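Results of the structural survey
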Amino acid sequence: MTIHDENPFMSPPESRDRVRQFRGRLAAGVTIVTAGHDGMTASSVLVVEGEEPRFVVAVSEMAEFWEAVEHTAKFVVHVAAAGHRQLSDRFAELAPSPGGLFAGLEVTETEGGPLLAGFDPWGGCRVESATPLGFQRLLVGVIEYLEVGDLIEPLIYFRGRYRSLG
C-alpha cells in the first residue's frame, strides 16, 4: 500500500479547468437544497435581500434535482454546519446512500419541501425562474419561510475540501 501526499486521480495541473480553480479559491458556505424526493449539495449560492427576498443557486443542467424542482416548483435550502460533512457528501453523490438520498434520515415535509432534521438555518422557497447560464441554470426562488437559528460553526468549502471557521 502506498500513501500519497496528493490525490492520485487528480488531473495534471496543465489540464485542469482554470475557472473551476478560480472558483475553488473563493470560500463558500455549504448548503443542501431539497425538492420532492431529491436533493443536492450546493456552494454556488446567493441570498438577495428585498421586499420579496430571493435565494439563487447554480445547478448543473445534468443534475437529477431539476426534475424534482420542475415537478414541485418549490425547494428547501439547508445551511450546513461543521458536523454535516458526511451528509453533504451524500447529497453531492460522493458518498453512498443505499436506499436513496433520504433513506434513514428524519425528514419533515414543509410547504417548501422536505426539511432534513438537524438543520437550524433553513428556508423554504417558491421557484420564480430558472435561467440557463453556461453549463448551469440559475435557479431563483422567492423565500417564503426562514428559520435563522444560531449556527455557530458553518461548513465551508474551499479548494476542494470542507473546512470550518474554528
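Residues numbered from 1 in each chain as written. Predicted model: local features only at pLDDT ≥ 70, side-chain atom pairs only at ≥ 80, totals over all residues. Heavy atoms only, no water.

**Remarks on a positive patch on the surface**
Stated precisely, the cut-off is as follows: Candidates for patches are residues over 30% relative accessible area with no salt bridge; among them, like charges are joined within 9 Å and nonpolar side chains (Val, Leu, Ile, Met, Phe, Trp, Tyr) within 5 Å. In this description, accessible areas are obtained by the Shrake-Rupley approach with a 1.4 Å probe, and a residue is regarded as covered only by the protein chains that are shown. The working definition used for a salt bridge is a side-chain nitrogen of Lys or Arg within 4 Å of a carboxyl oxygen of Asp or Glu. The convention is simple: Lys and Arg are positive, Asp and Glu are negative, and His and the chain ends are not counted. Where a charge lies is defined by one atom per residue type: Lys uses NZ, Arg uses CZ, Asp uses CG and Glu uses CD. Helix and strand definitions follow DSSP, with helices as H or I runs of at least four residues and strands as E runs of at least two, each counted in order from the N terminus.
Taken together, the side chains of Arg18, Arg25, Arg85, Arg159, Arg161 and Arg163 define a basic patch exposed on the protein surface. Looking at where Arg18 falls in the secondary structure, it is placed in helix 1 (residues 18-24).

**Observations regarding the sheet that holds strand 2 (residues 31-35)**
By definition, the strands of a sheet pair up through backbone hydrogen bonds, in either a parallel or an antiparallel sense. Selection rule: In this description, strands pair whenever DSSP reports at least two bridges between them. Fitted lines through C-alpha atoms give the axes, limited to the stretch in contact for helices. The angle between two N-to-C directions lies from 0 to 180 degrees. Contact criterion: two residues are considered in contact whenever any of their non-hydrogen atoms come within 4.5 Å of each other.
Across the sheet, seven strands lie side by side as 3-2-6-9-10-5-4; this open sheet has antiparallel pairing. Of all the strands in the sheet, the pair left with one neighbour each is strand 3 (38-42) and strand 4 (45-48). Going from strand to strand, the sheet's axes swing by 30° on average, the running direction of each strand aside. Across the sheet, helix 2 (residues 65-72) lies against strand 2, strand 3, strand 5 (54-60), strand 6 (74-79), strand 9 (122-133) and strand 10 (136-147), angled at about 55° from strand 2, the strand it touches most.

**Concerning the nonpolar core**
What tends to happen in soluble globular proteins is that the nonpolar side chains get buried as a cluster. Let me state the cut-off plainly: Residues belong to one nonpolar core when they are buried, are Ala, Val, Leu, Ile, Met, Phe, Trp, Tyr or Cys, and are joined through side-chain atoms within 4.5 Å. Burial status follows relative accessibility: with a 1.4 Å probe on protein chains alone, a residue under 20% of its type maximum counts as buried, one over 50% as exposed, and anything between as partly exposed.
If you look at the biggest cluster of nonpolar residues, it comprises 16 residues, and the most contacted ones within it are Val33, Phe55, Val59, Phe65, Phe75 and Leu139. Broken down by element, the residue count for this core peaks at four residues, all from helix 2. In this structure, Val33 is in contact with Asp38, Gly39, Met40, Phe55, Phe65, Phe75, Val76 and Val77, ignoring residues within four places of it in sequence. Core analysis: the next-biggest nonpolar cluster, separate from the first, contains 11 residues, Ile32, Ala80, Leu87 and Leu101 among them.

**A few points about the side chain of Asp38**
Condition: Two N or O atoms count as a polar contact when they lie within 3.5 Å, although within protein this holds only if one can serve as hydrogen donor and the other as acceptor, and sequence-adjacent residues are included solely when both atoms are side-chain atoms.
As for its placement among the helices and strands, Asp38 is situated in strand 3. Buried and unpaired, Asp38 has no salt bridge, with Arg90 as the nearest side chain of opposite charge at 10 Å. Separated by 3.5 Å, the side chain of Asp38 and the backbone nitrogen of Phe65 make a polar contact. Contact partners of Asp38, with chain neighbours within four places excluded, come to Val33, Glu64, Phe65, Ala68, Leu101 and Phe102.

**As for the pairing of strand 3**
Looking down a regular strand, the side chains alternate between one sheet face and the other. Taken across its five residues, strand 3 has five buried, putting it largely inside the fold. Burial of strand 3 is two-sided: the residues Asp38, Met40 and Ala42 facing one way and the residues Gly39 and Thr41 facing the other way are all buried. Bridge analysis of strand 2 against strand 3 gives five bridges, and the strand direction is antiparallel. Following the sheet pairing, Ile32 is matched in strand 3 by Thr41. Here strand 2 hands over to strand 3 after two residues, with Gly36 in that stretch at a positive phi of 55°.

**Brief notes about the packing of aromatic side chains**
To be explicit about the condition: Note on aromatic pairs: the rings of Phe, Tyr and Trp (six-membered ring only in Trp) are paired at centre separations within 6.5 Å, and the planes decide the class, stacked below 30 degrees, edge-to-face beyond 60, tilted for the rest. Cation placement over rings: the criterion is NZ of Lys or CZ of Arg within 6 Å of the ring centroid and within 35° of the ring normal.
Under the defined criterion, the tally for this structure stands at four aromatic pairs. A ring pair is formed by Trp122 and Tyr145, whose centres lie 5.0 Å apart and whose planes are at 40°; its orientation type is tilted. With Trp122 in strand 9 and Tyr145 in strand 10, the pair connects residues that are 23 residues apart, well separated along the chain. The exposure class assigned to Trp122 is buried, which follows from its relative accessible area of 12%. The interplanar angle of 65° and the centroid separation of 5.5 Å between the aromatic rings of Tyr157 and Tyr162 together place this pair among those described as edge-to-face. We classify Tyr157 as partly exposed; its relative accessible area is 34%. Its guanidinium or amino end placed over the ring of Trp66, Arg137 lies 4.7 Å from that ring's centre, counting from NZ or CZ.

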